[in-house]
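# Understanding the architecture of this molecule
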Amino acid sequence: MRKVFLYMTMTCDGFFSGPNGELDWMVQAPDQDLNDDIVDILTRADAGFMGYPTASGMIPYWANAAKNPSISKSELAIADVVNNMHSIVISKREEELTWENSELLLVKSDQDLIKAVAKFKQQPGKDLGVPGGIRTAQTFARLGLIDEYVLMVHPVAIGNGKGVFTDKANLELVNTKAYPSGVVRICYKARL
């Protein structure tokens with residue numbers, strides 16, 4: 001059975017973004033080892049769940065990045081992985097998806113989402129990613145739909161913001177890795 005894993009970048013005090021969605025806190029230092037690991041993490045999945053607002057920004061961004069002749073090799077590798085991943089775009093209403101390799105997952109309730117994720121997990125393929133979108137991450141965490149958390153913790157605290165966890169979560173450490181930039185990857189599996 002496929003697993004669902006959340007890939008999320010966060011501050012050391014547990015926030016994905018500032019209170020108004022700010023992402024200006026992320027470490028931008030070049031770190032080839034970190035970039036290589038991001039590609040490895042993302043290639044674990046051949047499909048990813050994301051909310052419509054995140055998809056409408058992320059999918060076009062990486063599609064355009066892949067066409068940019070000045071993009072770095074690291075960014076191009078990430079763009080290739082993201083662009084080849086099947087996007088499962090979650091929305092509560094009908095949306096027209098103009099992106100290749102994407103499908104709309106219409107959910108009206110938590111139960112709709114739980115049933116749909118269970119169905120996707122039964123299908124053949126690689127693991128299923130949740131590559132971003134704070135509301136989607138919070139919902140998946142709250143509903144116990146995440147099998148593994150891959151958290152890229154940056155060496156910065158912002159004191160206030162939007163976090164992944166809105167309820168208690170019991171986690172078991174799988175592994176950690178520190179990068180020269182000060183970012184630390186922490187992998188946990190969910191304990192039920």
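Reference entry: report on the structure contained in this document. Starting afresh in each chain, residues are numbered from 1 along the sequence in its written order. Confidence filtering applies because this is a predicted model: local features only for residues at pLDDT of at least 70, side-chain atom pairs given and counted only at 80 or more, and all residues used for totals across whole chains, interfaces and linings. Here the side-chain values reflect all heavy atoms present in the structure, with hydrogen atoms and water set aside.

## Some remarks on the overall build of the protein chain
Within the protein chain one finds five helices and 10 strands. Counting only C-alpha atoms, the protein chain reaches 45 × 40 × 35 Å along its principal axes. By the burial criterion, 43% of the 192 residues in the protein chain qualify as buried. Two residues form a contact once any of their heavy atoms are found within 4.5 Å. Pairs at least 24 apart in sequence give 71% of the contacts found in the protein chain among residues at least 6 apart. Counting rule for charge: Lys and Arg are taken as positive, Asp and Glu as negative, and neither His nor the chain ends is counted. By convention, the point assigned to a charge is CZ for Arg, NZ for Lys, CD for Glu and CG for Asp. The averaged location of the 23 negative side-chain charges in the protein chain is 6 Å from the averaged location of its 20 positive side-chain charges. Note on conventions: DSSP H or I runs of at least 4 residues are helices, E runs of at least 2 residues are strands, and numbering of each starts at the N terminus. Each residue's exposure class comes from its accessible area (1.4 Å probe, protein chains only) as a fraction of the maximum for that residue type: buried when under 20%, exposed when over 50%, partly exposed otherwise.

## Considering helix 3 (residues 73–84)
Helix length check: helix 3 (12 residues) gives 17 Å between terminal C-alpha atoms against 16 Å at 1.5 Å per residue, within 8%. Taken as a whole, helix 3 has its buried residues at S74, I78, A79, V81 and V82. Looking straight down helix 3, one finds its buried side chains confined to an arc of 165°; they lie on one side. In helix 3, those exposed residues whose orientation departs by more than 90 degrees from the buried face are K73 and N84. For a helix, the expected span equals 1.5 Å multiplied by the number of residues minus one. When we speak of the arc, we mean the arc of directions from the helix axis to the C-beta atoms.

## Considering helix 4 (residues 110–122)
Under the 1.5 Å per step criterion, the end-to-end length of helix 4 is 19 Å for 13 residues, consistent within 8% with the ideal 18 Å. All buried positions along helix 4 are accounted for by L113, A116, V117, F120 and K121. Take helix 4 and look down its axis: the buried residues cluster within an arc of 140°, on one side only. Every exposed residue of helix 4 that faces more than 90 degrees away from the buried side is listed here: K115, K119 and Q122. Buried-residue contacts for helix 4 involve strand 1 (4–11), strand 3 (45–51), strand 4 (86–91), strand 5 (102–106), strand 6 (127–130) and helix 5 (134–142).

## What to know about the packing of helix 2 (residues 52–67) against helix 3
Interaxial distance between helix 2 and helix 3 falls to 9 Å at its minimum, and their mutual angle equals 130°. Taken together, the axis directions place helix 2 and helix 3 in an arrangement best described as oblique. Classified by chirality, the crossing of helix 3 by helix 2 is left-handed. Along the contact surface, helix 2 presents M58, I59, W62, A63 and A66, while helix 3 presents E75, L76, I78, A79, V82 and N83. Just so you know the grouping, Ala, Val, Leu, Ile, Met, Phe, Trp, Tyr, Cys and Pro go in nonpolar, Asp, Glu, Lys and Arg go in charged, and all remaining residues, Gly too, go in polar. When grouped by side-chain class, the residues that make up the contact of helix 2 with helix 3 number nine nonpolar, one polar and one charged. The axes used here are C-alpha line fits, helices contributing only the stretch in contact, and every angle between their N-to-C directions lies in the interval 0 to 180 degrees. Here the angle decides the label: under 35 degrees means roughly parallel, over 145 means roughly antiparallel, 65 to 115 means roughly perpendicular, and every other value means oblique. Two helices cross in a left-handed way if the nearer one is turned anticlockwise from the farther one by less than a right angle. They cross in a right-handed way if the turn is clockwise.

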